[in-house]
Amino acid sequence: MEIKQICDIFRIKGELKEYSAIKTGNINKTYKVTYEDNGKTFDYIVQDINKFVFKAPEHIMENIKGVTEHISKKYDEQESEKYVLDFLQTEDGVNFFIDDDDRFLRAYRFIPRSVTYDTFDDLGVLENAGAAFGRFQMQLADFDASSLHEIIPNFHNTASRYEALEASASKDVCGRLEEVKELYDALISNKDTATSLVKMLSDGSIPLRVTHNDTKCNNVLFDFETGEPLAVIDLDTVMPGLTAYDFGDAIRFAANTAQEDEPDLSLVGLDLEKYEAFTAGFVKQTSSAMTEQELETLYLGPIVMALELAARFLTDYLDGDKYFKCNYEKHNLVRAKCQAHLAMDMISKAEITKQIIKKYAK
Ligand code: ADP
Ligand code: GN1
Ligand code: MG
């Protein structure tokens, strides 16, 4: 189905001017679409949901409806247009459409003046990202977690992620294990650290909350001029989770001295200034709601998330690159090495990061 037909289904008014693919995400196919109506231009996002990753996309759309309605209530109409995603409905009153090729499609308004960043040079903007994710979590503190579908079971269960890695290594369907053995062994030797948060969750020492679970900092929109944080996007994995997951995933993406898939490992490491900037924004928003134990173990989040993602990228490499979109042949392996290297650097700086968190906790 053509983009124009999809836009018609979502009842977008006016004349289609142009559209282009947005390549930043690793999962869905995303298009920016521009329409003109009564002499004014309006932008929209059309997305084709990845059905290999998301087995029940209608559950995602139910979760998103609940979450966006809940957050909208905290704003007036004008604020909502900046801070909350607004999904379009078909004439049947639903927020998705399945086309003849069985593609699962959705459309929503492009937030005006918004940009995303894959790297953060401005520490103020990074602090804003921390504040945006912190605020998002606080806004969901009174959301009924039992109404949420678990979109990807065990999404951040690092113990299960490690089991999957071990299973893929023992099957070795593509014959790639020998090539990655050193990295594999390094990850396995850090299994206790990687599974530490899961253990604390299961023994009740830290609480389950409603979290975003994919806090890559290109999932926050910023005003292109002022750097003000706008909407938090990519709500596909909003599910019960740990505060440390949201904190950790954001840090491992944005406080890396390089991009998350940097091939030259000498460039990869934890940037403590960036760590502090994100932490200032996030912890100031959330610390009053956190338990003492949660705050004390928050520093583990970035380490666990980097190890978990290294395990996930390596698993996908061993399985033959089925899950993450890859731009070149060994992309998943490069990503895995980068995340593992970052995790080791974070481990060596653990004491300093604990102090940074303490500094901003109320
Ligand atoms: P993926 O799950 O593949 O990461 P996202 O939902 O994060 O998909 O969208 C991919 C990119 O599209 C984002 O990083 C952002 O740059 C852009 N984008 C998505 N939604 C909007 C929006 N409502 N307004 C502006 N840009 C958006
Ligand atoms: C995926 O969709 P995107 O690109 O924001 C992935 C995250 C990973 C990230 C790594 C549903 O996020 O878990 O951390 O890639 N999302 C899903 O870049 O698996
Ligand atoms: Mg995204």
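The coordinates are above.
First things first, this report covers the structure right here in the doc. (Residues numbered from 1 in each chain as written. Chains lettered and ligands numbered in written order. Predicted model: local features only at pLDDT ≥ 70, side-chain atom pairs only at ≥ 80, totals over all residues. Heavy atoms only, no water.)

When its volume is computed, the largest pocket comes out at roughly 780 Å³. For the lining of the largest pocket, the secondary structure elements donating two or more residues are strand E3 (40–48), strand E5 (104–109), strand E6 (114–115), helix H9 (243–254) and helix H12 (300–319). With 5 residues, H12 is the largest single contributor of residues to the lining of the largest pocket. Class assignment of the residues belonging to the lining of the largest pocket gives a composition of 19 nonpolar, 13 polar and 11 charged. (1 Å grid on protein atoms, 1.4 Å probe; cavity = no way out; pocket = protein on both sides within 12 Å on 5 of 7 lines; lining within 4 Å. Points joined across faces, edges and corners; volume = space filled by probe spheres on them. Helix = DSSP H or I, 4+ residues; strand = E, 2+ residues; numbered from the N terminus. Nonpolar A, V, L, I, M, F, W, Y, C, P; charged D, E, K, R; others polar.)

With that out of the way, let us pick up the site of ligand 2. The environment of ligand 2 is made up of 17 residues, and the closest members are Asn-26, Lys-216, Glu-260, Arg-312 and Tyr-323. One of the side-chain nitrogen or oxygen atoms of Asn-26 is found 2.7 Å away from an oxygen atom of ligand 2. Within the contact set of ligand 2, an oxygen atom lies 2.8 Å away from a side-chain nitrogen or oxygen of Arg-312. In the complex, the protein chains occlude 97% of the 440 Å² of accessible area that ligand 2 would expose alone. When atoms are counted within 2 Å of each cavity's grid points, the one that captures over half of ligand 2 is the largest pocket. No other element matches the 3 residues that H12 contributes to the shell around ligand 2. (Near = heavy atom within 4 Å. Polar contact = N/O pair within 3.5 Å; in protein donor to acceptor, adjacent residues only side chain to side chain. Areas by Shrake-Rupley, 256 points an atom, 1.4 Å probe, with all protein chains shown as cover. Sits in = over half its atoms within 2 Å of the grid points.)

For an α-helix the count is 3.6 residues per turn, leaving residues at separations of three or four pointing the same way. With 20 residues, H12 extends 28 Å between its outermost C-alpha atoms, agreeing within 8% with the 28 Å of an ideal straight helix rising 1.5 Å per residue. Counting buried residues in H12 gives 19 out of 20 residues, a clear majority hidden from the surface. Downstream of H12 by one or two residues, Gly-320 has phi in the positive range, about 100°. (Expected span 1.5 Å × (residues − 1). Buried < 20%, exposed > 50% of the residue type's maximum accessible area, 1.4 Å probe, protein only.)

Moving on, we come to the sheet that holds strand E4 (residues 97–98). With respect to topology, 5 strands assemble into an open sheet ordered E1-E2-E3-E5-E4, the strand pairing being antiparallel. Sheet topology places strand E1 (15–22) and E4 at the edges, where each strand pairs with a single neighbour. With 5 bridges joining them, E3 and E5 adopt antiparallel strand pairing. Its bridge partner lying in E5, Asp-48 is registered against Leu-105. (Pairing = 2+ DSSP bridges.)

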